[in-house]
Amino acid sequence: MAKTSRSLPQTLRHYLVNPLALGYLGIVLGVCLWVAADAFFASSSGDASFAGVWAILATAPTSLLFTFAGPIGLIGIPIGAVVQAFALGALYRYVTERRAHGTANGVSSA
């Protein structure tokens, strides 16, 4: 069977809509919500917090490529999250499709 070429949105959906990629994006979202809540409560108390570092670390190493000063530096977090989720989704698809093809051909991985 010949492989058909996919458009960019189809390729992104193929690699981002699976349990591993969505789980990772959920974890990053949870960390970002925690950072936002901590920033809100820390600003009202006047105490500085390093909670924002966790959002950068959750999306590292991609987010570390966008270490700009000021609010523009926050663009690395969503870019890093999508790139990392895409890589995890590609790995998930590779492993599951390899396993499915291996057992369909009668080849066992045991």
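Above this text is the structure in question.
Residues numbered from 1 in each chain as written. Predicted model: local features only at pLDDT ≥ 70, side-chain atom pairs only at ≥ 80, totals over all residues. Heavy atoms only, no water.

### Re the layout of surface pockets
Which entries qualify depends on this criterion: Space inside and on the surface of the protein is sampled on a 1 Å grid over the protein atoms alone, with a cavity defined as a set of points where a 1.4 Å probe fits but cannot get out and a pocket as an open set with protein on both sides within 12 Å along at least 5 of 7 lines; lining residues have an atom within 4 Å of a point. Grid points are joined across faces, edges and corners, and a volume is the space filled by probe spheres set on the points. Only DSSP runs of H or I covering at least 4 residues are called helices, and only runs of E covering at least 2 are called strands; the numbering of each starts at the N terminus. Put simply, Ala, Val, Leu, Ile, Met, Phe, Trp, Tyr, Cys and Pro go in the nonpolar bin, Asp, Glu, Lys and Arg in the charged bin, and everything else, Gly too, in the polar bin.
Taken as a whole, the second largest pocket spans an internal volume of roughly 240 Å³. Around the second largest pocket, the lining is made up of 21 residues, and of these Val 35, Ala 51, Gly 52, Ile 56 and Leu 74 lie nearest the centre. Those elements that place two or more of their residues in the lining of the second largest pocket are helix H2 (19-45), helix H3 (52-58) and helix H4 (76-104). The greatest single-element share of the lining of the second largest pocket, amounting to five residues, is contributed by H2. Tallied by class, residues from the lining of the second largest pocket come to eleven nonpolar, eight polar and two charged.

### Thoughts on the packing of aromatic side chains
Applied cut-off: Stacked, tilted and edge-to-face pairs are distinguished by plane angle, under 30 degrees for stacked and over 60 for edge-to-face with tilted covering the rest, among Phe, Tyr and Trp rings (Trp via its six-membered ring) whose centres lie within 6.5 Å.
As enumerated under the stated definition, the model contains two aromatic pairs in all. On the basis of an interplanar angle of 70° and a centroid distance of 5.1 Å, the ring pair of Tyr 15 and Phe 86 is categorised as edge-to-face. Here Tyr 15, found in helix H1 (residues 8-16), pairs with Phe 86, found in helix H4; they are 71 residues apart in sequence, far enough to count as distant. Ring centres of Phe 40 and Phe 41 lie 5.2 Å apart, and the angle between their planes is 70°; this geometry places the pair in the edge-to-face category.

### Quick notes on the nonpolar core
Definition in use: Buried Ala, Val, Leu, Ile, Met, Phe, Trp, Tyr and Cys residues that are joined via side-chain atoms within 4.5 Å together make up what is termed a nonpolar core. Exposed residues in this analysis have more than 50% of their type's maximum accessible area, buried residues have under 20%, and partly exposed residues fall in between, with area computed by a 1.4 Å probe over protein chains only. Throughout, a contact is declared for two residues whenever any of their heavy atoms are within 4.5 Å.
Within the largest apolar cluster, six residues are counted, these being Leu 16, Ala 21, Tyr 24, Val 28, Ala 81 and Ala 85. Residue assignment for this core shows that the elements contributing at least two residues are H2 and H4. For this core, the element with the highest residue contribution is H2, accounting for three residues. Sequence-distant contacts of Ala 81, that is, excluding residues within four places in its chain, are made with Tyr 24, Leu 25, Val 28 and Thr 59.

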